[in-house]
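One letter stands for each residue in the lines below.
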Amino acid sequence: MEGSFFSCKSMPMSEIAYMERTYSSQLLSFRPLVDAKSTPQFCFSRGISPKASYSSTPNNTYVPKKALSSVEQEKLGAGNLLYQINGSNSSLFTRNMRILYAFDDEYGGVIVDTERLPANPNVFASMLRFSLSHWKAKEKKGIWLKLPVEKSDLVPVAVKEGFEYHHAERGYVMLTYWLPEGPSMLPANASHQVGVGGFVINDKNEVLVVQEKYCAPAFVELWKIPTGFIVESEEIFTGAVREVKEETGIDTEFVEVVAFRHVHNVAFEKSDLFFICMLKPLSTQIMVDDNEIEAAKWMPLVEFVEQPLIQEDCMFKKVIDICIARLGKRYCGLSVHQLASRFDDKNSSLYYNVVDSQEINCIGN
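We now turn to the structure provided with this report. Model, not experiment: these values are computed from the prediction.

1. Topic: the environment of Glu-164
Within the element layout of this structure, Glu-164 appears in strand β7 (residues 164–169). A relative accessible area of 54% places Glu-164 in the exposed class. For the pair formed by Glu-164 and Leu-175, sequence separation is eleven residues and the distance between their alpha carbons is 5.3 Å. Setting aside residues up to four positions removed in sequence, Glu-164 forms contacts with Met-174, Leu-175 and Thr-176.

2. As for the sheet that holds strand β13 (residues 270–281)
Spatially, four strands are ordered β11-β9-β13-β12 in an open sheet, and the strand pairing comes out mixed. Each of the sheet's edge strands pairs with one partner strand only, and the pair in question is β11 (227–229) and β12 (252–267). The mean angle between the axes of side-by-side strands here comes to 20°, regardless of whether they run parallel or antiparallel. Pairing between strand β9 (residues 192–200) and β13: nine bridges, direction parallel. Bridge assignment links His-192 to a residue of β13, and that residue is Ser-271.

3. Re the nonpolar core
Of all hydrophobic cores here, the largest spans 22 residues; its most connected members are Leu-100, Phe-124, Trp-135, Ile-143, Leu-145, Leu-147 and Phe-163. If you list the elements that add at least two residues to this core, you get β5 (110–112), α3 (121–137), β6 (142–148), α4 (155–160) and β8 (172–178). For this core, the element with the most residues is α3, which contributes seven residues. If we ignore the near neighbours within four places in the chain, the residues touching Leu-100 are Val-112, Leu-117, Pro-118, Phe-124, Met-127, Leu-128, Ser-131 and Trp-135.

Cut-offs and rules
Residues numbered from 1 in each chain as written. Predicted model: local features only at pLDDT ≥ 70, side-chain atom pairs only at ≥ 80, totals over all residues. Heavy atoms only, no water. Helix = DSSP H or I, 4+ residues; strand = E, 2+ residues; numbered from the N terminus. Buried < 20%, exposed > 50% of the residue type's maximum accessible area, 1.4 Å probe, protein only. Contact = heavy atoms within 4.5 Å. Pairing = 2+ DSSP bridges. Axes fitted to C-alpha atoms, helices over the stretch in contact; angles between N-to-C directions. Core = buried A, V, L, I, M, F, W, Y, C linked by side-chain atoms within 4.5 Å.

The following block contains the structure:
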């Protein structure tokens, strides 16, 4: 017995749902023109008409020849449909015809559940197409699909269906799909990297300085303040303290952000924010990080300022001038204050200065 069937790729979601309900009722009373001791089993593969095969059963009920495991179902390929007739489940979509496990975000979009993605690329392709049709019918907006390294073979499948790269980390790649007509309104990938520098000066008016092991030839002889990048979920002030500790072994206490620089197209076409922090030393014994630093020492402030590279560079010179003004209490930087916002119910670090107007002095002094 042969017949034609539909292609899930071309049929709208509403029609598929309608046919599922229709077959669910009609097949309960289905009686094939064959021996009542035989059982029809319908299977469908994309591009192939369904055929019926039969197996004898002692109670004349219509059931598949055998139950298929989830692995076997995936091996059937994309687009398979199985029907159990006259059983308790009259119409079943197999796993590869179901919608991907996902949950809604607060902006009318969908976040696909990474932990419950199918392993088989063919099954994933079928489920993804079916899911996109469903989400579009539900008028969803942006789709977020996070694929871990161990499922990287699903990436070309998603790209073929129209997903675009958003960003990547060491363990995953994030892809997105904008369903509505018009340009995507999804937020772009992070546009900045954040760096910090620690200006540490002791009671002897000596500045903690380093020479980096890897730098441009023009800066080989330069003594500079310790610098580095903020890591994920790290505060600016804790990052500055950490970088100084890692490079020099000196323990410090954050005082203020005295200035910050903003520049564009620094690394991989990203912008850069660099915060200069004044820190108070809590120890004196230097222990150099041999992986990054060639040398470190306490250098008299006068010698530090008189370095030719400092004097010749307007940016360097301005930063040092600001730090000296802060030491002379002629300038107030930004101290950190922990505040909670009702917008996100999270504690945040707000940087601002507080001045005692009577003494014209920074409260942080």
